[in-house]
Amino acid sequence: MLEHTPTDQELIALVGEPLFEVWATLCSAIDERYDMNRQWASGGKAWEYEYKYRRGGKTLCALYARKNCVGFMVIFGESERAKFEADRDTFSEEIQRAYDDARTYRDGKWVMFEPSDTSLFEDFMRLLAIKRKPNVSRK
């Protein structure tokens, strides 16, 4: 956990206004569909910040920020990989390529994206749906 949670202004200064809008839109889309705990952390060697969406000790996804870059990672367990692979042809080539290029660790396949706009967000939400059941529709 971080001692200091970055403000929107600090994130804008780090990633830039256009990428902050991507970040904020992605967070909003996740918040709208999922009731998750959120946790800020240091981003390790490669990233300044990590922002995890978690429930029951498991991570749904995580967002990352560093200078002029935003990352979005989804971790797939064995059964989730099988679900994706059964439906992979319905995803964009970019999603399929990132999935194929991702490393598989003992705890899952870690698929990282570096979105520069919102064009893949529909596919991102479908990837998350493989992992978790969304909230009941809000009206």
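Residues numbered from 1 in each chain as written. Predicted model: local features only at pLDDT ≥ 70, side-chain atom pairs only at ≥ 80, totals over all residues. Heavy atoms only, no water.

To continue, consider the environment of M125. Relative to the helices and strands, M125 is located in helix α5 (residues 121–131). Under the relative-accessibility criterion, M125 is labelled buried at 10%. Residues M125 and L14, spaced 111 residues apart in sequence, show a C-alpha to C-alpha distance of 25 Å. (Helix = DSSP H or I, 4+ residues; strand = E, 2+ residues; numbered from the N terminus. Buried < 20%, exposed > 50% of the residue type's maximum accessible area, 1.4 Å probe, protein only.)

This part covers the side chain of T59. With respect to the helices, strands and loops of the structure, T59 is situated in strand β3 (residues 58–66). Among the polar contacts made by the side chain of T59, one reaches the side chain of R54 at a distance of 2.7 Å. (Polar contact = N/O pair within 3.5 Å; in protein donor to acceptor, adjacent residues only side chain to side chain.)

Time to look at the pattern of salt bridges. Scanning all chains against the criterion turns up seven salt bridges. A salt bridge links R126 to D87; the nearest nitrogen and oxygen atoms lie 3.6 Å apart. Taken as a pair, R126 in helix α5 and D87 in helix α3 (residues 78–87) lie far apart in primary sequence, 39 residues in all. The partly exposed category is assigned to D87, whose relative accessible area is 33%. Each of the salt bridges in this network shares a partner with another, and the network as a whole consists of D87, D123 and R126. (Salt bridge = Lys/Arg side-chain N within 4 Å of Asp/Glu carboxyl O.)

All right, on to the sheet that holds strand β6 (residues 108–113) then. The antiparallel open sheet is built from six strands, whose spatial order is β1-β2-β3-β4-β6-β5. In the strand order of this sheet, the two ends are held by β1 (37–42) and β5 (103–105), each with one partner. Taken pair by pair, the neighbouring strands of this sheet meet at an average axis angle of 25°, ignoring direction. In terms of strand pairing, strand β4 (residues 69–76) meets β6 through five bridges, oriented antiparallel. (Pairing = 2+ DSSP bridges. Axes fitted to C-alpha atoms, helices over the stretch in contact; angles between N-to-C directions.)

Quick look at the packing of aromatic side chains now. One pass over the structure, following the stated rule, counts 15 aromatic pairs. On the basis of an interplanar angle of 40° and a centroid distance of 4.7 Å, the ring pair of F72 and F124 is categorised as tilted. Remark: F124 occurs in helix α5 and F72 occurs in strand β4; sequence separation between them is 52 residues. Considered together, F72 and F124 belong to a single accessibility category, that of buried residues. When the centroid spacing of 5.0 Å and the interplanar angle of 40° are considered together, the rings of F84 and F91 count as tilted. Residue F84 shares its accessibility class with F91, and that shared class is buried. Taken together, the ring pairs in this structure connect W23, W40, Y49, Y51 and Y53 into an aromatic cluster. (Phe/Tyr/Trp six-rings, centres within 6.5 Å; stacked < 30°, edge-to-face > 60°.)

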